[in-house]
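Each chain, letter by letter, is given below.
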Amino acid sequence: MTFPIRISITFLYLVYLVYAGITAFAQETYHEFDNENPIWSDNEGIHINAHGGGILRVKNRYYWFGEHKSSGQNGNKAFTGVHVYSSPDLYNWNDEGIALEMLTDVDSKLQKGAIVERPKVIYNNNTGKYVMWFHHELKDQGYSAALTGVAVADNVTGPYTYLDSFRIHPGVWPLNFTKEQREKAEKLFNQQEINLNDYAAEGVFLIRDFNEGQMSRDMTLFVDDDGTAYHITASENNRTLLISKLADDYLSLTNDYIRVFPGGKNEAPAVFKRKGKYYMITSGLTGWNPNPARSGVSDSMLGAWKSLGNPVQGTQEQEKTTFHSQSTFIIPVAGYDDAYIFMADRWKPKNAIEGEYIWLPIEFEDGIPILKWYAQWDLSFFEK
Ligand code: GAL
């Protein structure tokens, strides 16, 4: 009888090995957003590396694009590129690799070691192309270049072909900058010994950068229901936002642009549309450190934006720090009515790859967006 026993032991051992193998590779399935968990794992159990991100939905799948950070002090520089993940449900993310690769060509502006931040991707119905825009700083020049960059792809996950990076609107005045304002700003700019930052609201940076083109740093994109797309960016030395209409193919900016909240020091813009109105959530200007968020509303993208104040409702600490985070994007959730997710980063500048994510549902009180803390939550929130 020893023979059958040996067979069954061998059999059981094999079953165990197969089971162990399967569980080792089996993926945890997530059913909620866990804002208290510093690690948001992808399908391979690795912390998602897509900071300052944005989301595009294509054929029932969400694609999350973001900055691929590396470990250590230099981790905020781009050595790899823009990472992309995909998900059917917003909870479980599949690593789709690098959508836009940094280049080894040291003559390219997009060479490794440059800064690539806040990439956003939109789909152009006319051309069938995916278009990525991002904040781009040149290698070893800190944040002084202040460029916006653009890349294009045939497939949503890439590879994206880098086209160019540039200052915006050289030689063009904003639509809402009157002749009187311009003359006043010119006079101020020509005065000796003024600190330009003190007169940013009046438009002195517009005068300074008129020929070379305006600065573009923290940015986002927004596509309206009629397919018109907009580039929204922190300009004028981060003092004033500029909203520009993109060309029909989304590959360049048209001359139609406006100044928003002049001198308001808004960064990290995220835009969404609800019930015919356009909203934005932004941060203040404190680098990697969190600060109180702001919000605004307008009847049209190139219209008059009105400030709505801090959207955060919570403890003093939460209101002062936006839950220790900075806005990056607002996701309109498909399949639900009135469902928007505020996507934010908790930066870790000393080891950027450890940067964390928090996602919160946007609530509304009298048409004003409100953010409250939910440690764990799921999309059934929007069924209420
Ligand atoms: C933040 C900005 C980030 C990054 C950082 C650099 O204010 O939102 O995207 O540029 O400054 O200090």
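In the block above lies the structure referred to throughout.
Residues numbered from 1 in each chain as written. Predicted model: local features only at pLDDT ≥ 70, side-chain atom pairs only at ≥ 80, totals over all residues. Heavy atoms only, no water.

Draft legend 1. Main features of the side chain of Thr 240. Mapping Thr 240 onto the fold places it in strand β12 (residues 240-246). Note on Thr 240: relative accessible area 0%, which makes it buried. Only 3.3 Å separates the side chain of Thr 240 from the side chain of Glu 236, close enough to count as a polar contact. Beyond its immediate chain neighbours, meaning those up to four positions away, Thr 240 contacts Ala 200, Thr 233, Ala 234, Ser 235, Arg 259, Val 260, Phe 261, Pro 262 and Gly 263. (Helix = DSSP H or I, 4+ residues; strand = E, 2+ residues; numbered from the N terminus. Buried < 20%, exposed > 50% of the residue type's maximum accessible area, 1.4 Å probe, protein only. Polar contact = N/O pair within 3.5 Å; in protein donor to acceptor, adjacent residues only side chain to side chain. Contact = heavy atoms within 4.5 Å.)

Draft legend 2. How the structure looks around the nonpolar core. In terms of nonpolar packing, the biggest core is built from 23 residues, with Trp 64, Leu 90, Ile 341 and Trp 359 touching the most fellow members. Broken down by secondary-structure element, the contributors of at least two residues to this core are β3 (61-67), β18 (326-332), β19 (340-346) and β20 (356-365). Those residues in contact with Ile 341 that sit more than four places away from it in its chain are Phe 33, Leu 90, Phe 329, Ile 330, Ile 331, Val 333, Trp 359, Leu 360, Ile 362, Trp 377, Leu 379 and Phe 382. Among the nonpolar cores identified, the runner-up in size contains 22 residues, and Leu 56, Val 84, Ala 99 and Tyr 160 belong to it. (Core = buried A, V, L, I, M, F, W, Y, C linked by side-chain atoms within 4.5 Å.)

Draft legend 3. Spotlight on the sheet that holds β3. Read from one edge to the other, the open sheet built from 4 strands follows the order β2-β3-β4-β5, with strand pairing classed as antiparallel. Whereas interior strands pair on both sides, the edge strands pair on one side only; in this sheet they are β2 (51-58) and β5 (94-101). Across the sheet, the mean angle separating the axes of adjacent strands is 25° when strand polarity is ignored. Here 6 bridges tie β3 to strand β4 (residues 81-87), and the two strands are oriented antiparallel to one another. From the neighbouring strand, Tyr 62 faces β4, where its bridge partner is Ser 87. (Pairing = 2+ DSSP bridges. Axes fitted to C-alpha atoms, helices over the stretch in contact; angles between N-to-C directions.)

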